[in-house]
Structure formats: C-alpha cells, structure tokens
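Geometric and topological summary
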Amino acid sequence: MLTLHHLEYSQSFRVLWLLEELGAEYELKSYNRDPESNLAPDEYKALSPLGTAPVITEGDLVLAESNAIIDYILDSHPDSPLRPTPGSPDRARHLFWFHAAQGSLMSTQGINMVLGLLEQRTPGPISWLLKKIFTQVRTIFLNPRLEALFELMEKDLSVQPFFGGANLTAADITLIYPMLAARDKGVFAGKYPHVEQWFDRVEQIPSFVAARKLDDRPHITFRF
C-alpha cells in the first residue's frame, strides 16, 4: 500500500488532497518538525534524499518531489479527470499551470524568502547594503515576475473556473500550496477577484475539506 509521509506545514498537503480527491487507498504517517530548528526529524530525513517533503513509499519505492509524486499516483488512476489527456482542449492550460506552480511561482517565492532570511540574519555593518541590493532584486526581478503570474491567473480564471480548465485538475492541487502562501501575505485581497473566487470554490470541495481535517493544522504556511 502507498504511504504518504506527511511533514507538518509542508508541501505534502498537496499529495494528501490528491489522494482524498481520488478516493485512493493509502496510509498516512505524520511527522512533526523540530521546534527549534524547524527542520524535519531524522526519521523523515532518512527517507527523503534531501530531507524535504513530500515523500511517498510503496513497497521498495521511495519517491520525492511533489509533481513527480502526483504524476506517479495519477498513473495508477488513468481514468481520472485530474490530468487532461492529449487532445483535450484543457490539456495545454493544465500543463502550463501544473509546471508553473513549481517552475515559476514557488521558485520566485523561495528566492524572496531566502532574501528575507539573509536580511534578518546579516550583522549590522553590512545589513544596510544587503537590504539595498535585495530591494533592487525584488523591484527589478522578483515582484514583476510574480505580478505577471498573478495577472495571468486572474485572466485565465475569468474565463474558466479552475487552473486546469472547466474542472478541478492536478494543476489546482499543485498550485494550492504557493497560492495559500501568497494569500497569507495579503497578495490577492481586493486586487484579483477571480483568484479569490477560485479559493472559495476550492475550499468547498469535499476532498479539500477532508484533507484539511487530516492535516489538522489551522492553515498552511510556506516553509521548506
């Protein structure tokens, strides 16, 4: 049987939601982060090549990386509409957002987060210089890229209700983690109404509600 090794406050929520949406048989094994370092416990790191979440096991298989896991699970559910097939009018849209979640959105958010951590932990004498440099990086590179992504989201969601088209797909599932992180920072409030409506739709889906109960956390926080 497939086992999802679920680390609190992590990207593995997406796999949990996927499994609930598929009605798949699986075992859930949860792990807590170290309260001081915020890192995964040694037991978890022993499973994952990088000590990151999510990780699944099935027999001798150990697989990490969110989208790899999602594709692997969907291979066992070939009739699922969560992955539009070649020839489907929603195929290209689904593929774009499925990969933009990790390739564009999360990578840009991650750089922004690392810059913030460096600002906080750099000693006083050079902190002012780093802050100036990082502000320029955000202004010239990071913020314009994020704004372009959010504007494209708003445009696409004004035409169809989900990122993968007319119905929920794995694109929505893989986007949920960075999207909730952005919402927690107030990015969408009052500026992207169709994105906010997408959140409303998603949070009423029974499988999402069930996954949140199993996750047993008040909200998802963007952490590595």
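Relevant structure appears above.
Some words on the overall build of the protein
Secondary structure assignment for the protein yields eight helices and four strands. Relative to the compact-globule value of 17 Å for 224 residues, the protein shows a C-alpha radius of gyration of 18 Å, a close match. Once the C-alpha set of the protein is aligned to its principal axes, its extents read approximately 60 × 45 × 30 Å. Expressed as a percentage of the 224 residues in the protein, the buried residues total 45%. Counting contacts in the protein only where the partners sit at least 6 residues apart, residues at least 24 apart contribute 67% of the total.

Focus on helix H3 (residues 66–75)
Where H3 is concerned, the buried positions are Ser66, Asn67, Ile69, Ile70, Ile73 and Leu74. Along H3, the residues classed as buried sweep out an arc of 160 degrees about the axis, all on the same side.

Side note on the sheet that holds strand E1 (residues 3–7)
With respect to topology, four strands assemble into an open sheet ordered E2-E1-E3-E4, the strand pairing being mixed. Among the strands making up the open sheet, the edge pair consists of strand E2 (27–31) and strand E4 (61–64). Taken pair by pair, the neighbouring strands of this sheet meet at an average axis angle of 20 degrees, ignoring direction. Sheet strands touched by helix H1 (residues 12–22): E1, E2 and strand E3 (55–58). Its angle to E1, the strand with the most contacts, is close to 140 degrees. Sheet contacts for H3: E3 and E4; angle to E4, the most-contacted strand, approximately 130 degrees.

Criteria and cut-off values
Residues numbered from 1 in each chain as written. Predicted model: local features only at pLDDT ≥ 70, side-chain atom pairs only at ≥ 80, totals over all residues. Heavy atoms only, no water. Helix = DSSP H or I, 4+ residues; strand = E, 2+ residues; numbered from the N terminus. Rg over C-alpha atoms; globule rule 2.2 N^0.38 Å. Buried < 20%, exposed > 50% of the residue type's maximum accessible area, 1.4 Å probe, protein only. Contact = heavy atoms within 4.5 Å. Arc of directions from axis to C-beta. Pairing = 2+ DSSP bridges. Axes fitted to C-alpha atoms, helices over the stretch in contact; angles between N-to-C directions.

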